[in-house]
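Commentary on secondary and tertiary structure
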Amino acid sequence: MFAVLDFFFRGHDLVFVAIAAFICLLSAYACVSLLRHAKRMDKRARLIWTTISAISVGLGIWATHFVAMLAFRPGFALQYDIVLTGASLLLAIGVCGAGLAMALQAKGIADRFLGGAVIGVGISNMHYMGIAALLLDGQLIWDGRLIGASILAGIVLSGFAVVVAMGPGRQRLFGGAALLTLAICAMHFTAMGAADFSNCLPLVHEGAEIDGGMMSIIVALITLFILSAALGSIVLDEADRRRTEREERRQRNDADRIASVSQKLELALTHMGQGLALFSEDGKVMLHNERLNELLSLPRHAMLEGRTLEDICVVATNQVSIDLAKRDQVAKELAEQHRMLAAQGGQAVHSFDGERFLRVQHNPIGDGRWVTLMEDISDSKRNEAAIAHLAKHDTLTGLPNRARFEEVFDNALADAEAQKTQIGIVAIDLDNFKDINDSYGHATGDQVLRVLSERLSNLLKPGEVIARLGGDEFVAIKQFSVIESLRDFLDRIEGVLFGSVQYQDVVVATSGSIGVAIYPQDGKEHSKLLSNADLALYRAKAEFETRICYYESEMDEHARQRRAMANDLWHALEMDSFNLVYQVQKSVSTGEVTGYEVLLRWDRPGHGPVSPAEFIPVAEECGAISAIGAWVLKTACIEAASWPEPHKIAVNVSGLQLAQVELVDLVKMVLFQSGLSPERLELEVTETAIITDKKRALNILRQIRELGVSIAIDDFGTGYSSLATLRSFPFDKIKLDRSFMNEVEHSEQSKAIVRAILALGKSLSVPVLAEGVETVEQLNVLRLEGCTEAQGFLLGRPAAMDWDEVPELAAIA
């Protein structure tokens, strides 16, 4: 390798060789860069950049040659002919330019290689013309083989350089520059190796000449300057090209964005639920969507651009039934209204024949123009009306609810006071409505309410209102001047209440009670009037043959007395003022004591002893019955647990207690706290208490019976479904109602009923206890008929327990 380098660079200054190689590399890089740059240009720009590229590579070859000649040391100073030197430069530029043009026009790799080969020819021509420009005396000897090798190296390497340089990728740029550098250097130094200067001497020439060293330096500097300028132009042009591309790309992106936004805007305008219009500062439509046409009842594709706000208002008035003579005036006033709204921003709602509602909203932009939005809010208005109706009306029946009734009632009172008329307040309650729900289901009960409500609504005349307060409670008001008008109203209501309602395969007979209070004699405030109407309603429900009851002042006194008793009952609970008495129960056949019934007594302060028949209903109304029942059960169990004899006790349970699931836990707790054996406790329930909610009541009784507590059915025979009740639960005892004992001595019919009940108990293996035994004759009848147990004044009056004075049946017998 060193021998080859010695052959090529023998007699050369390596510093200048390196400078020549650098200039060669720089010019080769500039050439291929300009070539690739020109490839991307249009035809006109390509010619300019091809020329620049030819000048760059020509100068580079020329400068490389003369700097390399400066590195050559033949033993004497070299001088050049200026004309030939300049001609060699022009030859290099021209031939290389032709090769570059061929390469740019090439259709394939072969054409590009051919263009590069022409550049190689230009390199060779420049070199040998530059040698010819030397002023020498003597014979220059050439090696023909090396001359051919140098020319071939320049042509082949230049061809490959162009092929590589014009390929894609930045690596191809560097590869092409390296091959072109190698082509120039290989050609030059191979050609220098082919020349023998041993027989040459410098020629003294009187014409134009230049010292070789000085010319090489000047050429190198000029070439470096030109090449730098060329490379700078490449950089600047590339930057400009990239900036242009970025600008074009930005413009394309902006155009795409504008097109996309326009498309989206068009889609939005086409499919938006609101009508939209853009008005100019002089009030003309600049832009609108199809929805605006629909809202104005115009053809879908009708063009409104250029139409004024006044024109739009005229179109809008065409939808309203207005006299033609007044239409222009209405449109003008409408336009003035919307002009003011458009100036400051705002909205207005217009109704068309009470069915269509359009909301028009104006939004000023700030430069005199404004955007108008038009929306059909008919559905929203209908929904608002429906919601308002629901808020003031009952959802099941459609009648006014309590809130709406309060408003109507207050307005009616104000009108009656101003007009000096009267008002009838009618409280209505359906009879046995709970039984309808329990017997036929809530769906049937709801249908009854709907049908009756519709019938009541249909009978109304002006000044009459009926509302549903809840459940089966209704209230009506009637403004009147003569009492006959109120009576007619009540007769119509009564006619509706007493009828029948069919639902599916069920026909339900309906009835009701009516209570009436009259303004102003029965009260002047609506709360007082409603309260008095309710009092009259309670009287109507209590009196079997009365359907309509008017309020009387005595009702108020009766209600006041019951409220006072309720307060005293709660106070008695707090002060533990109740006491218990016991009535003995004995075996009819042996006279032995079988147990005691627990009875509640109350000595009311200021009133003396009060019968349970009076205060128990009041306790049930005010809600004290549950607390009283719990006190009775707890106290009786504690006292019975302390008795010397383990007699059974019978405690009555009310219907309200039986409806509470907590009763089971109460019995468990009382048995645990008192220590009383469950077998000694018997709970007495009436048929009425069970029928109220039969399924729930029987479930609670089964749980209590599982504790070991006995269950007795009290007042048997007085209910309308006694046998069904007896069949639905395994009672431990049947208590025959005292009403059957009153006539058992003289009435064969009563005796037959008693005999039947005793036979029923015997067939079911359930003992029967007869209540109300007050005479020996009654006791004898029971003994003859096989009654198990008896209870009554004959056997022992209710009294506090005293074990020193326990009555014995044997003494009476």
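Residues numbered from 1 in each chain as written. Predicted model: local features only at pLDDT ≥ 70, side-chain atom pairs only at ≥ 80, totals over all residues. Heavy atoms only, no water.

1. Remarks on the overall build of the protein chain
Stated precisely, the cut-off is as follows: A run of H or I in DSSP becomes a helix once it reaches four residues, and a run of E becomes a strand once it reaches two; helices and strands are each numbered from the N terminus. Each residue is placed in one exposure class: buried if its accessible area under a 1.4 Å probe, protein chains only, is under 20% of its type's maximum, exposed if it is over 50%, and partly exposed if it falls in between. Any pair of residues with heavy atoms lying within 4.5 Å of one another is described as a contacting pair. Where accessible areas are quoted, they stem from the Shrake-Rupley method and a 1.4 Å probe; at the residue level, only the protein chains shown are allowed to cover.
Helices and strands together make up the secondary structure of the protein chain, namely 28 helices and 27 strands. A buried classification covers 45% of the 813 residues belonging to the protein chain. Of the contacts formed within the protein chain by residues at least 6 apart in sequence, a portion of 66% connects residues at least 24 apart. Accessible surface for the protein chain amounts to roughly 41000 Å². Of this, 57% is attributable to carbon and sulfur atoms.

2. Quick look at the nonpolar core
Threshold: To form a nonpolar core, buried Ala, Val, Leu, Ile, Met, Phe, Trp, Tyr and Cys residues must be joined to one another through side-chain atoms within 4.5 Å.
One finds Ile649, Leu681 and Leu683 to be the most contacted residues of the largest nonpolar core, which totals 75 residues. With eight residues, the top contributor of residues to this core is helix 20 (residues 625–641).

3. Quick word on unusual backbone geometry
A cis amide bond links tyrosine 519 to the next residue, proline 520, at an omega of 10 degrees. Structurally, proline 520 can be placed in the loop between strand 17 (512–519) and helix 17 (526–542).

4. A look at the pattern of salt bridges
Filter applied, for reference: Counted as salt bridges are all cases of a side-chain nitrogen of Lys or Arg within 4 Å of a carboxyl oxygen of Asp or Glu.
Applying the stated criterion across every chain, the model contains 24 salt bridges. Its salt-bridge partner being lysine 478, residue glutamate 464 comes within 2.8 Å of it at the nearest N-O pair. With glutamate 464 in strand 13 (residues 464–470) and lysine 478 in strand 14 (residues 473–480), this pair connects stretches of sequence that are 14 residues apart. For glutamate 464, a relative accessible area of 6% translates into the label buried. For lysine 478, a relative accessible area of 6% corresponds to the buried category. Aspartate 568 is paired through a salt bridge with arginine 604; the nearest N and O atoms lie 2.7 Å apart. Here arginine 604 lies in strand 20 (residues 593–604) and aspartate 568 lies in helix 18 (residues 553–575), a separation of 36 residues in the sequence. Judged by relative accessible area, which is 25%, aspartate 568 ranks as partly exposed.

5. Concerning the environment of serine 33
By the secondary structure assignment, serine 33 is in helix 2 (residues 14–39). Serine 33 gets classed as buried once you look at its relative accessible area, which sits at 9%. Taking C-alpha positions, serine 33 is 8.3 Å from alanine 165, a pair spaced 132 residues apart along the chain.

6. Considering the packing of helix 13 (residues 402–419) against helix 17
Keep this limit in mind: Where helices are involved, their axes are fitted lines through C-alpha atoms of the stretch in contact, as for all axes, and angles between N-to-C directions lie from 0 to 180°. Roughly parallel refers to an angle under 35 degrees, roughly antiparallel to one over 145, roughly perpendicular to one between 65 and 115, and oblique to any angle outside these ranges. Here the nonpolar group is Ala, Val, Leu, Ile, Met, Phe, Trp, Tyr, Cys and Pro; Asp, Glu, Lys and Arg are the charged ones; every other residue, Gly included, is treated as polar.
Here helix 13 crosses helix 17 at 110 degrees, and the two axes come no closer than 11 Å. As summarised for this structure, helix 13 and helix 17 are arranged roughly perpendicular, according to the angle between their axes. Of the residues in helix 17, those in contact with Phe405, Glu406, Phe409, Asp410 and Leu413 of helix 13 are His526, Leu529 and Leu530. A breakdown of the residues in the contact of helix 13 with helix 17 according to their chemical character gives five nonpolar, one polar and two charged.

7. A few points about the side chain of threonine 635
Stated precisely, the cut-off is as follows: Here a polar contact is taken to be a pair of N or O atoms separated by no more than 3.5 Å, where protein atoms must pair a possible hydrogen donor with a possible acceptor and residues adjacent in sequence count only if both atoms sit in side chains.
Assignment of secondary structure puts threonine 635 in helix 20. Classification of threonine 635 by relative accessible area gives buried; the value is 18%. In this structure the side chain of threonine 635 is engaged in a polar contact, spanning 2.8 Å, whose partner is the backbone oxygen of tryptophan 631.

8. Examining the layout of surface pockets
We count it as follows: Within this scheme a cavity is a closed region of a 1 Å grid, computed over the protein atoms alone, that accommodates a 1.4 Å probe without allowing it to escape, whereas a pocket is open but has protein on both sides within 12 Å along at least five of seven lines; lining residues each have an atom within 4 Å of a point. Grid points are joined across faces, edges and corners, and a volume is the space filled by probe spheres set on the points.
Of the pockets and cavities examined, the largest pocket occupies roughly 1200 Å³. Lining the largest pocket are 40 residues, with Pro612, Ile616, Asn652, Thr686 and Asp714 sitting closest to its centre. Of all elements in the fold, only strand 20, helix 19 (612–622), helix 20, helix 21 (655–658), strand 23 (681–686), helix 23 (687–692) and strand 24 (710–716) reach the threshold of two or more residues within the lining of the largest pocket. When grouped by side-chain class, the residues that make up the lining of the largest pocket number 17 nonpolar, 13 polar and 10 charged.

9. Some remarks on the packing of aromatic side chains
For clarity, the threshold we go by: Any Phe, Tyr or Trp ring, taking Trp's six-membered ring, that has another such ring centre within 6.5 Å forms a pair; planes under 30 degrees apart are called stacked, those over 60 apart edge-to-face, and the others tilted.
Within the structure shown, the criterion is met by 11 aromatic pairs. Ring plane angle 75 degrees and centroid distance 5.2 Å describe the contact between phenylalanine 113 and phenylalanine 160, whose orientation is recorded as edge-to-face. Placement of phenylalanine 113 in helix 5 (residues 109–132) and of phenylalanine 160 in helix 6 (residues 144–165) is noted, with a sequence separation of 47 residues between them. Seen in terms of ring centroids, phenylalanine 405 and phenylalanine 409 are 5.4 Å apart; in terms of plane orientation they differ by 45 degrees. Their pairing is tilted. Of this pair, phenylalanine 405 and phenylalanine 409 both sit in helix 13, four residues apart, roughly one helical turn.

10. With respect to the confidence of the model for the protein chain
In plain terms, the rule: What pLDDT expresses is the predictor's confidence in each residue, scored from 0 to 100.
On average, residues of the protein chain carry a pLDDT of 80, and 87% of them reach 70 or more. When pLDDT is averaged over each helix and strand of the protein chain, the minimum, 36, is found for helix 28 (residues 809–812) and the maximum, 94, for strand 22 (residues 648–652).

11. Considering the packing of helix 20 against helix 22 (residues 662–674)
We count it as follows: Each crossing gets its hand from how the near helix is turned against the far one by less than a right angle, where anticlockwise is left-handed and clockwise is right-handed.
Where helix 20 meets helix 22, the axes come as close as 9 Å, and the angle between the chain directions of the two elements is 30 degrees. Considering the angle they form, helix 20 stands roughly parallel to helix 22. Considering how the two elements wind past one another, helix 20 and helix 22 form a crossing that is right-handed. Here Ala630, Leu633, Lys634, Cys637, Ile638 and Ala641 of helix 20 lie close against helix 22, whose contacting residues are Leu666, Val667, Val670, Gln673 and Ser674.

12. Examining the sheet that holds strand 12 (residues 422–430)
Rules: Strand pairing is assigned whenever DSSP identifies at least 2 bridges connecting the two strands.
Overall, mixed pairing links the five strands, which are arranged 13-14-12-17-18 in an open sheet. Across the chains shown, the open sheet's two edge strands, defined by having one partner strand only, are strand 13 and strand 18 (548–550). The mean inter-strand angle of the sheet, taken between neighbouring strand axes irrespective of direction, is 20 degrees. Both strand 12 and strand 17 contribute to a ladder of eight bridges, which runs antiparallel. From the neighbouring strand, isoleucine 428 faces strand 17, where its bridge partner is isoleucine 514.

13. Quick look at the pairing of strand 22
Side-chain direction in a regular strand flips from residue to residue, so the side chains alternate between the two faces of the sheet. In this sheet, strand 22 lies alongside strand 20 in parallel orientation, the contact comprising three bridges. Paired with glutamate 597 across the two strands is alanine 650, which belongs to strand 22. In this sheet, strand 23 lies alongside strand 22 in parallel orientation, the contact comprising four bridges. Pairing of asparagine 652 across the sheet is with glutamate 684, part of strand 23.

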